[in-house]
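The lines below spell out each chain.
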Amino acid sequence: MNSEYLLQRLQRFIERPNQIKQIHSLLITTALLFNTASKWNPTLLYNTLIRAYLNIIPHCSLTLFTFMLHHQAPPNGHTFTSLFKAASTSQSLASLSCSPLHAQALKRGILTDSFVQTSLLGLCAKLGSLSNVRKVFEEILNPCIVACNVMLDAFGRNGDMGSALFFFDRLSEKDVVSWTSVINGFVRSKQFAKAIWKSKGGFTKGGRYMGIFSETRAFMTVFMGTALIDFYGKRGHLEFAFRVFNQMLDREVCTWNAMISSFACNGREKEALDLFEKMKVDGMYPNEVTFVAVLTACACTKRVQLGSQFFQSMRCQYGIVPIMEHYGCMVDLLGRAGLLTQATEFVNTMPFQPDASVLGALIGACKIHGAIELGNEMGRRLLELQPRHCGLYVALSTINADKERWDRAADLRKAMVEAGIRKVPAYSFIDSV
DNA sequence: TTAGGGTTAG
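Rules behind the numbers
- Residues numbered from 1 in each chain as written.
- Chains lettered and ligands numbered in written order.
- Predicted model: local features only at pLDDT ≥ 70, side-chain atom pairs only at ≥ 80, totals over all residues.
- Heavy atoms only, no water.
- 1 Å grid on protein atoms, 1.4 Å probe; cavity = no way out; pocket = protein on both sides within 12 Å on 5 of 7 lines; lining within 4 Å.
- Points joined across faces, edges and corners; volume = space filled by probe spheres on them.
- Helix = DSSP H or I, 4+ residues; strand = E, 2+ residues; numbered from the N terminus.
- Nonpolar A, V, L, I, M, F, W, Y, C, P; charged D, E, K, R; others polar.
- Phe/Tyr/Trp six-rings, centres within 6.5 Å; stacked < 30°, edge-to-face > 60°.
- Buried < 20%, exposed > 50% of the residue type's maximum accessible area, 1.4 Å probe, protein only.
- Near = heavy atom within 4 Å.
- Polar contact = N/O pair within 3.5 Å; in protein donor to acceptor, adjacent residues only side chain to side chain.
- Axes fitted to C-alpha atoms, helices over the stretch in contact; angles between N-to-C directions.
- Parallel < 35°, antiparallel > 145°, perpendicular 65-115°, else oblique.
- Left-handed = near helix turned anticlockwise from the far one by under 90°.
- Contact = heavy atoms within 4.5 Å.
- Salt bridge = Lys/Arg side-chain N within 4 Å of Asp/Glu carboxyl O.

Trainee: Looking at this structure, I do not really get the layout of surface pockets. What am I missing?
Mentor: Rolled over the atoms, a probe sized like a water molecule indicates the empty space that remains. Its boundaries defined by the atoms lining it, the second largest pocket holds a volume of some 310 Å³. Every residue lining the second largest pocket is counted, 13 residues in all, and those nearest its centre are His102, Leu111, Leu120, Val136 and Glu139. Secondary-structure elements contributing two or more residues to the lining of the second largest pocket are α7 (99-107), α8 (114-127) and α9 (130-138). Broken down by element, the lining of the second largest pocket gets its largest block of residues, 4 residues, from α8. Across the lining of the second largest pocket, the residue classes tally to 8 nonpolar, 3 polar and 2 charged.

Listed below in structure tokens is the structure:
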């Protein structure tokens, strides 16, 4: 196999993400990477590799950029579009700031390129500072529809739907992404009636929207299909969700995640885990969202050994650094199975401070297994983080009451009243499609 | 007809 062919495979669509690593390894081991002639100059080589890793291990794209600088291969606009995209994934956002990349692009005079501007705008939108997004947008001379759509999405992500609508109404050109960005903004801020109202005014025919797309797969893009699986999954209509999933001609990692999560969150853990195996057989590369769903499924079925193996494999096999959600899942996994000592040890040896979700998972396990002392200890830690969390007072009070520690239970209820915290009444909700 | 940007999953 010659290097020209391998590089072209990398540059074009690759059917299976795990082929990227194989091709990269082959290029290195056969010492072909820097011996290619013709158009494959070092910049193009690096850009191709950076782009190839973008959707599977985004932080590898960023690492490759440091190698690129080390090898004095001058980055261009193509490099920075990929880098800004890589930096905007949640894994990278947790540990990186965009300013060094921004400075590099500025220094090299690349920020005038519209693709670079849009990808930088997208990164700022995901970082969450609307004022920064506005600043970057204002520097674009003639913003195209893609840049405008990022701006719309940024308003929606920040819950500023007033500005989103104002902006949207003044757009000279709108496409399906403009509409879905506004609709998603309403959904994110839980304004469902407005989301449906906007759907009716836009590119669909009201309530038939979901039916149309589920029945005519030719219309269904990966985005639509994935949103539809999520829609059905969240309402517990798993058969509809799975039908859409099976009908889809193209699936991305988001699509698999939506289906696996739907199974995992509706008591169909075995199917979630089976689908995870099928995903890997299909050559799809799991990401951090996949593992949240898979670990959740393991926790619900108390499959401690399997869950622990998956957690280990994240870093070793897939290059994914576990984040807070994964630690929360693991504590839930160990805690539900009654392994409270291991769960506590796990919390105490985490590489960063546990947040309320992790401590809450441990307290939940204490409640199930009647571990009063540990529950109170973790409760004290959690109250420091969330002093006004009504559910926590109730949970701690219940743990103590179950063990007939009426004094402690009453103290907690009293503290809750004195702090002016009211218990939110429980409610049931029935929904239909 | 292709080295690059926007909407989907937790």
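Following the structure, the description resumes.
Trainee: Help me understand the packing of aromatic side chains, please; the structure alone is not making it clear to me.
Mentor: In this description, a pair of aromatic rings is defined by centroid distance and the angle of the planes. The full count for this structure, using the stated rule, is 18 aromatic pairs. A centroid spacing of 6.1 Å and a plane angle of 45° characterise the contact between Phe80 and Phe84, whose relative ring orientation is tilted. Here Phe80 and its partner Phe84 are both found in helix α5 (residues 77-87), 4 residues apart, which amounts to about one turn of the helix. No difference in accessibility class separates Phe80 from Phe84, as the two residues are buried. Ring plane angle 70° and centroid distance 5.5 Å describe the contact between Phe231 and Tyr232, whose orientation is recorded as edge-to-face.

Trainee: Even after reading the chapter, I still don't get the protein's contact with DNA strand B, so can you show me in this structure?
Mentor: In the vicinity of DNA strand B lie 42 residues, with Asn47, Thr118, Asn149, Asp175 and Asn257 positioned nearest. Here DNA strand B approaches the protein such that, of its atoms within 4 Å, sugar and phosphate make up 40%. In the environment of DNA strand B, a phosphate oxygen lies 2.7 Å from a nitrogen or oxygen atom belonging to the side chain of Arg188. Of all the secondary-structure elements, those providing two or more residues to the surface near DNA strand B are α3 (42-54), α5, α8, α10 (145-157), α12 (176-188), α15 (222-234), α17 (253-264) and α19 (288-300). Class assignment for the residues of the surface near DNA strand B results in 13 nonpolar, 17 polar and 12 charged.

Trainee: Sorry if this is basic, but what is going on with the packing of helix α22 (residues 340-348) against helix α23 (residues 356-369) here?
Mentor: Each pair of packed helices gets described by two things: the angle between the helix axes and the distance between those axes. Closest axis-to-axis distance for the α22/α23 pair is 11 Å, and the angle between their directions is 165°. By the criterion of interaxial angle, the relationship of α22 to α23 is roughly antiparallel. When you trace α22 past α23, the crossing you get is left-handed. On α23, the residues touching Leu340, Ala343, Thr344 and Val347 of α22 are Val358, Leu359, Leu362, Ala365, Cys366 and His369.

Trainee: Just to check I follow, could you spell out the pattern of salt bridges for this structure?
Mentor: When their charged atoms lie close together, side chains carrying opposite charge are able to pair. The tally for this structure, following the rule as stated, stands at 9 salt bridges. With a shortest N-O distance of 2.6 Å, Asp230 and Lys234 are connected by a salt bridge. Linking Asp230 with Lys234, this pair stays in helix α15, spanning 4 residues, or about one helical turn. For Asp230, a relative accessible area of 32% corresponds to the partly exposed category. Each of Asp153, Arg157 and Arg188 takes part in one network of salt bridges that share partners.

Everything listed here is a matter of coordinates, which is why it stays silent on function.
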